[in-house]
Every structure is written in structure tokens, then in C-alpha cells.
Amino acid sequence: MAEGAFGLLLDRAAQDLLFREARTVDVFTGEPVGDDLVRAVYDLVRYGPTSMNQQPLRIVLLRSAEARANAVRWMSGPGRARTAAAPLTALLAADLCFHERLPELFPGRPDAARLFEDPRVREESARFNAALQIAYLILGVRAAGLAAAPTMGFDPGGLDKEFFGDGRHTTLAVLNLGRPAPGTPPPRLPRLEFDDAVTVI
């Protein structure tokens with residue numbers, strides 16, 4: 001089958017890197033993940049679309065042993081050990097006051113911030129759009145040849161208090177990342193077929 005068949009412009013190798021061969025791994029090598037590489041990933045994925053260009057995702061990189069330990073104590077289950085051992089851990093949070101930047105980020109609609117005066121509306125939008133950005137970030141990490149392991153077993157209130165404490169951020173995910181350790185990757189879990197997930201009407 002020719003590269004780019006069925007309208008896909010990415011070559012087969014890029015498709016495999018981002019999707020088919022990528023895995024969520026539990027064990028990484030000890031190779032560090034530098035800020036320059038993380039910056040390159042962010043500079044790519046920041047172009048992913050969000051509603052009204054909100055960009056509510058905020059990322060905290062846990063570099064110091066103290067910061068890592070403070071995060072681990074709010075983790076639960078297997079995520080504790082995995083987070084403690086990962087080369088780099090990032091806290092992924094939604095900025096609940098993203099609307100303050102809308103005059104800058106969405107200049108075509110000067111009154112856009114007024115649409116989010118209701119805190120409940122604002123939080124729902126911040127969470128949804130930050131979740132979109134987390135998905136872009138995972139693909140960007142894969143594009144850099146790294147593996148990303150999002151972890152949900154944590155106390156968000158504890159992490160919010162520990163690392164933010166301002167009431168304007170809420171932690172959505174903890175992301176461990178690094179180069180996967182050598183060995184057989186975990187088996188691919190089943191995926192729904194097109195006809196199982198898509199309805200044409």
C-alpha cells in the first residue's frame with residue numbers, strides 16, 4: 001500500500017511513532033529529559049486548537065527531589081512508585097481564570113471574557129479545553145521519541161494545595177515521561193473498529 005493512502009499525509013513511520021507503535025509504559029530508562037526537549041514539544045503542541053483560543057493548560061515540571069516527594073505523597077496505588085521513579089513528572093492543571101488572557105489570545109472578540117463570568121461555566125470550559133491540550137501534549141511527547149504515562153491515581157485537592165494554593169488552578173492529570181526501558185512493549189489492548197464507533201446518518 002502506498003504511503004499516504006486514503007488521504008493520510010503522514011508517512012507510515014510517523015503514523016507508527018504517534019499511534020500504532022506507541023505505548024503507555026510503566027518503566028523508563030534513567031536518561032534525563034531536558035528542558036530544551038520539553039520546550040520543543042510545547043512549541044509544537046501549543047498550536048493545537050482550543051475553544052476561542054483559551055489555552056487553559058498549565059504545566060508544572062517537577063525537577064527537584066523535594067517537589068517530586070511532595071507530589072508522590074498525594075499519589076495512590078501503583079502511581080506512587082511509578083511517579084517516584086520516572087525521569088520527569090509534569091503536573092497538568094487547568095487555569096480556571098484563563099478568561100483573563102482572552103483579550104490577548106482572542107483579540108477579534110474584545111468582550112470574550114464576559115462569556116465566562118459564571119465560575120461554573122468557566123471551570124467546565126477550562127477543564128474541557130485543558131483536556132484537549134493534554135491529548136496534544138501526549139502526541140508531542142511521542143513525536144519527540146519519548147513515552148508518556150498519564151496517571152490518574154492522585155488527590156487533586158492535595159496537589160492543588162501543595163503546588164498552587166491560589167484557587168485558580170486545578171490538577172487534571174499527572175504525566176510521567178521519559179524514554180521507555182528496553183524490552184517487549186506491553187501488548188496492544190483492543191481498539192474499536194470504525195463501524196463500532198462511527199455512525200453515518
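Residues numbered from 1 in each chain as written. Predicted model: local features only at pLDDT ≥ 70, side-chain atom pairs only at ≥ 80, totals over all residues. Heavy atoms only, no water.

Asker: Is there a simple way to explain the layout of surface pockets in this structure?
Answerer: Where empty space is left in the structure can be found by rolling a water-sized probe over the atoms. Considered as a void within the structure, the largest pocket measures approximately 430 Å³ in volume. Together, 14 residues line the largest pocket, and F19, A22, R188, L189 and R191 are the ones closest to its centre. Broken down by class, the residue content of the lining of the largest pocket amounts to 7 nonpolar, 1 polar and 6 charged. (1 Å grid on protein atoms, 1.4 Å probe; cavity = no way out; pocket = protein on both sides within 12 Å on 5 of 7 lines; lining within 4 Å. Points joined across faces, edges and corners; volume = space filled by probe spheres on them. Nonpolar A, V, L, I, M, F, W, Y, C, P; charged D, E, K, R; others polar.)

Asker: Help me out: how do you make sense of the pairing of strand β2 (residues 88–95) in this one?
Answerer: On a regular strand, one side chain projects to one face of the sheet and the next to the other, so that they alternate. Most of β2 sits inside the fold, with 8 of its 8 residues counted as buried. Residue alternation in β2 divides its side chains into two sets, L88, A90, L92 and A94 and T89, L91, A93 and D95, and both sets are buried. In terms of strand pairing, strand β1 (residues 57–62) meets β2 through 6 bridges, oriented antiparallel. From the neighbouring strand, I59 faces β2, where its bridge partner is L92. Bridge count between β2 and strand β4 (residues 169–178): 8 bridges; the pairing is antiparallel. Looking across to β4, one finds that L88 is bridged to L177. (Buried < 20%, exposed > 50% of the residue type's maximum accessible area, 1.4 Å probe, protein only. Helix = DSSP H or I, 4+ residues; strand = E, 2+ residues; numbered from the N terminus. Pairing = 2+ DSSP bridges.)

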